[in-house]
Amino acid sequence: MTTSTVAGQGHGTLADQAYRSISERLVTLRIRPGEPINDERIASELGFGRTPVREALKRLEHERLIVAFPRRGTFATEVQIADLGLISEVRQQLEPLAAALAAQRAGASDREELNQLLAQLADTSDSGADLIRLDMTLHRAIYAATHNPYLEDTLVRYDNLATRIWCLFIDRLPGLAGHVHEHGPLLRAIIDGDAEKASALAAGHVEGFEAAIRSAI
């Protein structure tokens, strides 16, 4: 996945577009944990045919965002707080790697996009929904700048799972704006090509995220 938008409308196949639209709803809990998933209703709401929606749902099941039960139907997965430590273990290794690679490999267009996001970050409101979408966009732009699609896909998957946990506790996390604005120095380090600094900042960001969630539980 190489789009820098959350919904990613207009990019990729219809199945890709359906995937990004449904994924955004699942990750931000607009589709609540445990809520039944009806492919016909979702297709109608999003303006897609049932075939691309079904293809998207297969992908989302593989990514543990939905679960299908024989003769019962398909549901949004429950958010398992017990998985926080396991998700953080993966992110603690891969997020610093991605930040370092982005600093080393980002091309002119990547750096231009990151500069635009840096400016957007400075001007953004403190609205919870806006901040969460911006956080997701920032992460995806960094992942894309690694130019490693395997690493990118893996990190998008784990960032989605982490963000679901974050959204579950968002009302108990008063430092939301500060957490998102931590990306400022990280983006600057990547733009400047400082791989060591970018890696350290990304590691601290993941550690801070897990600590904030645990303090809210």
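Attention in this report is confined to the structure presented alongside it. (Residues numbered from 1 in each chain as written. Predicted model: local features only at pLDDT ≥ 70, side-chain atom pairs only at ≥ 80, totals over all residues. Heavy atoms only, no water.)

1. Some thoughts on helix H4 (residues 84-105)
An ideal rise of 1.5 Å per residue puts 32 Å on 22 residues; H4 measures up with 30 Å between its terminal C-alpha atoms. A bend of about 30° at Arg91 is the largest found in H4. (Helix = DSSP H or I, 4+ residues; strand = E, 2+ residues; numbered from the N terminus. Expected span 1.5 Å × (residues − 1). Bend = angle between axes of the 7 residues up to and from the residue.)

2. Re the packing of H4 against helix H10 (residues 195-216)
Remark: H4 packs on H10, axes separated minimally by 7 Å, with the N-to-C direction vectors making an angle of 155°. On the basis of their axis angle, the class for H4 and H10 is roughly antiparallel. Both H4 and H10 take part in a crossing whose hand is right-handed. Contacts between H4 and H10 involve Leu84, Gly85, Ser88, Arg91, Gln92, Glu95, Pro96, Ala99, Ala100, Ala103 and Gln104 on the former and, on the latter, Ala195, Ala198, Ser199, Ala202, Ala203, Val206, Glu207, Phe209, Glu210, Ile213 and Arg214. Residue classes in the contact of H4 with H10 are distributed as twelve nonpolar, five polar and five charged. (Axes fitted to C-alpha atoms, helices over the stretch in contact; angles between N-to-C directions. Parallel < 35°, antiparallel > 145°, perpendicular 65-115°, else oblique. Left-handed = near helix turned anticlockwise from the far one by under 90°. Contact = heavy atoms within 4.5 Å. Nonpolar A, V, L, I, M, F, W, Y, C, P; charged D, E, K, R; others polar.)

3. Focus on the packing of aromatic side chains
Taken as a whole and judged by the stated rule, the model has two aromatic pairs. Judged by centre distance (6.1 Å) and plane angle (55°), the rings of Phe69 and Phe75 are tilted. When its relative accessible area of 34% is taken as the criterion, Phe69 is described as partly exposed. According to the relative accessible area criterion, Phe75 is buried, its value standing at 17%. On the numbers, 6.2 Å between centres and 90° between planes, the contact of Trp166 with Phe209 is edge-to-face. Placement of Trp166 in helix H7 (residues 149-168) and of Phe209 in helix H10 is noted, with a sequence separation of 43 residues between them. (Phe/Tyr/Trp six-rings, centres within 6.5 Å; stacked < 30°, edge-to-face > 60°. Buried < 20%, exposed > 50% of the residue type's maximum accessible area, 1.4 Å probe, protein only.)

4. Regarding the sheet that holds strand S1 (residues 36-37)
Strand order in the open sheet formed by three strands is S1-S3-S2, and the pairing between neighbours is antiparallel. A strand with exactly one partner marks an edge of an open sheet, and here the two such strands are S1 and strand S2 (66-69). Pairing of S1 with strand S3 (residues 73-76) involves two bridges; the strand directions are antiparallel. What sits directly across from Pro36, in S3, is Phe75. (Pairing = 2+ DSSP bridges.)

5. With respect to the environment of Glu35
For Glu35, the position within the fold is in the loop between helix H1 (14-27) and S1. Overall, Glu35 belongs to the partly exposed group, its relative accessible area being 26%. Remark: the alpha-carbon pair of Glu35 and Ile66, spanning 31 residues in sequence, is separated by 9.5 Å. Apart from residues no more than four positions distant in its own chain, Glu35 is found in contact with Arg30, Arg41, Thr74, Phe75 and Ala76. In this structure the side chain of Glu35 is engaged in a polar contact, spanning 3.0 Å, whose partner is the backbone nitrogen of Arg32. (Polar contact = N/O pair within 3.5 Å; in protein donor to acceptor, adjacent residues only side chain to side chain.)

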